[in-house]
Amino acid sequence: MKTTVFSTHKFEEPHLLSSNKGKHELNLLEVRLTESTASLALGTEAISLFTSDDASALILEKLKDIGIKYIALRTAGYNNVDTKKAAELGIKISRVPVYSPYAIAEHTMALILALNRKLIRAHNRVRDMNFSLNGLTGFDLNGKTVGVLGTGKIGAILVKILHGFGCKILAYDISENRMLIEKYGIRYTDCKTLCSESDIISLHVPLNSSTKHLIDARHISLMKPGVMLINTSRGALVDTKAVIEGLKTKKIGYLGIDVYEEEEGLFFEDHSDDILQDDVIARLMTFNNVLITSHQAFLTETALTNIAETTIYNLDCIEKGKVSGNEVS
């Protein structure tokens, strides 16, 4: 099947080619899917998209006009695709529902540890021959209360990791995981209670109309002074401007994010020679208690292999008219 692969990154290209084994004709493009680049898919039946690609209604119409029938996502989430419009146009969508929840959970823990023990600041000091420990004091994770918003695959693995550190764990989800309660002693509660009782809060819920800006000024006001907030899920779960106010007042003592609500066109690209136009993230970058990674939590060899293999499997099923089990309805 002829497939145009948008937003192809150097780190994933060898995995895609290895998994494909020459079965499909892949047109690998570095550019993102936008209104101006949609025409590059002309002559192919399918396209493959990444997190930063824009598959909104107008772009889907353009894709339909040039003969695109299928979208193979290289992601679990699909909030960048207008699924309702795709259904109207008869464009079928498949995704990679699971690639490595361990990768995300472990990166979450890395952010917590790096912020707590001020590893970035310590590293930079030592490189400058400054071996002073002043200002590097952290806290014991053992005994701290961690609130996990969302206990799906990723959240559940984080719970296991946190339990190993001796943390008390609060959780919020629309459905309770009995295994987590019985094995790790977590306590499910409402979002308000979780925010008010947690020393650390980590987000692991999907982005939809009910979760957008779940962490807003109201919920931040409930949090403990100096709380640590971690987001490795979706950027728009957090009202970034409200978080900045929380940082300024020291209500939020630490912030670790791997996602950002305006990351489209910013993350995954080298802007080192550009003038940063986004004033919000520029303000975030001025705080020494903020750690930002550019959507790299998934970036492990295991995850990249699983993403590539599932994407090619989805294309195999599309070509053969089979159900993959990964369709987005």
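As shown above, the structure is provided for reference.
Let me begin by describing the structure that accompanies this report. (Residues numbered from 1 in each chain as written. Predicted model: local features only at pLDDT ≥ 70, side-chain atom pairs only at ≥ 80, totals over all residues. Heavy atoms only, no water.)

## Focus on the sheet that holds strand β8 (residues 187–188)
Working step 1: With parallel pairing, the seven strands of this open sheet are ordered in space as β8-β7-β6-β9-β10-β11-β12. The strands lining the two open edges of the sheet, one partner per strand, are β8 and β12 (290–292).
Working step 2: Along the sheet face, helix α4 (residues 101–116) touches β9 (200–203), β10 (227–231), β11 (252–257) and β12 and points at about 145° away from the line of β10.
Working step 3: Relative to strand β6 (residues 145–149), helix α6 (residues 153–164) is tilted by about 170°, and along the sheet it contacts β6, β7 (168–172) and β9. (Pairing = 2+ DSSP bridges. Helix = DSSP H or I, 4+ residues; strand = E, 2+ residues; numbered from the N terminus. Contact = heavy atoms within 4.5 Å. Axes fitted to C-alpha atoms, helices over the stretch in contact; angles between N-to-C directions.)

## As for a nonpolar patch on the surface
Working step 1: The grouping of V126, M129 and F131 at the surface amounts to a nonpolar patch, some 350 Å² of accessible area in total.
Working step 2: Tracing the backbone shows V126 in helix α5 (residues 119–127). (Patch = residues over 30% accessible without salt bridge, like charges linked within 9 Å, V, L, I, M, F, W, Y side chains within 5 Å. Areas by Shrake-Rupley, 256 points an atom, 1.4 Å probe, with all protein chains shown as cover. Salt bridge = Lys/Arg side-chain N within 4 Å of Asp/Glu carboxyl O.)

## A closer look at empty space enclosed by the protein
Working step 1: Using the criterion set out here, one finds three cavities of 30 Å³ or more in the structure.
Working step 2: Roughly 70 Å³ of volume is contained in the largest cavity.
Working step 3: A per-class count over the lining of the largest cavity returns seven nonpolar, three polar and no charged.
Working step 4: Size it by volume and the second largest cavity reaches roughly 40 Å³.
Working step 5: Together, T3, V5, L16, L26, S48, R74, T311, I312 and L315 line the second largest cavity.
Working step 6: Elements supplying a minimum of two residues to the lining of the second largest cavity: β1 (2–5) and α12 (301–320).
Working step 7: At three residues, α12 tops the list of elements feeding residues into the lining of the second largest cavity. (1 Å grid on protein atoms, 1.4 Å probe; cavity = no way out; pocket = protein on both sides within 12 Å on 5 of 7 lines; lining within 4 Å. Points joined across faces, edges and corners; volume = space filled by probe spheres on them. Nonpolar A, V, L, I, M, F, W, Y, C, P; charged D, E, K, R; others polar.)

## Observations regarding the packing of α4 against α6
Working step 1: Between α4 and α6, the shortest axis-to-axis distance is 8 Å and the interhelical angle comes to 50°. If you check the angle between α4 and α6, you find them oblique. Like other packed secondary-structure pairs, α4 and α6 cross with a definite hand, here right-handed. For the pair formed by α4 and α6, the contact residues are P101, Y102, I104, A105, E106, T108 and M109 on the first element and K153, I154, I157, L158, I161 and L162 on the second.
Working step 2: Within the contact of α4 with α6, the residues separate by chemical class into ten nonpolar, one polar and two charged. (Parallel < 35°, antiparallel > 145°, perpendicular 65-115°, else oblique. Left-handed = near helix turned anticlockwise from the far one by under 90°.)

## Examining the packing of aromatic side chains
Working step 1: By the definition in use, this model includes five aromatic pairs.
Working step 2: On the basis of an interplanar angle of 75° and a centroid distance of 5.1 Å, the ring pair of F50 and F268 is categorised as edge-to-face. Taken together, the residues F50 in the loop between β3 (46–49) and α2 (57–65) and F268 in the loop between β11 and α11 (279–284) connect sequence positions 218 residues apart. In this pair, the class of F50 matches that of F268, namely buried.
Working step 3: Joined through ring pairs, the aromatic side chains of F11, F50, F268 and F298 make up one cluster. (Phe/Tyr/Trp six-rings, centres within 6.5 Å; stacked < 30°, edge-to-face > 60°. Buried < 20%, exposed > 50% of the residue type's maximum accessible area, 1.4 Å probe, protein only.)

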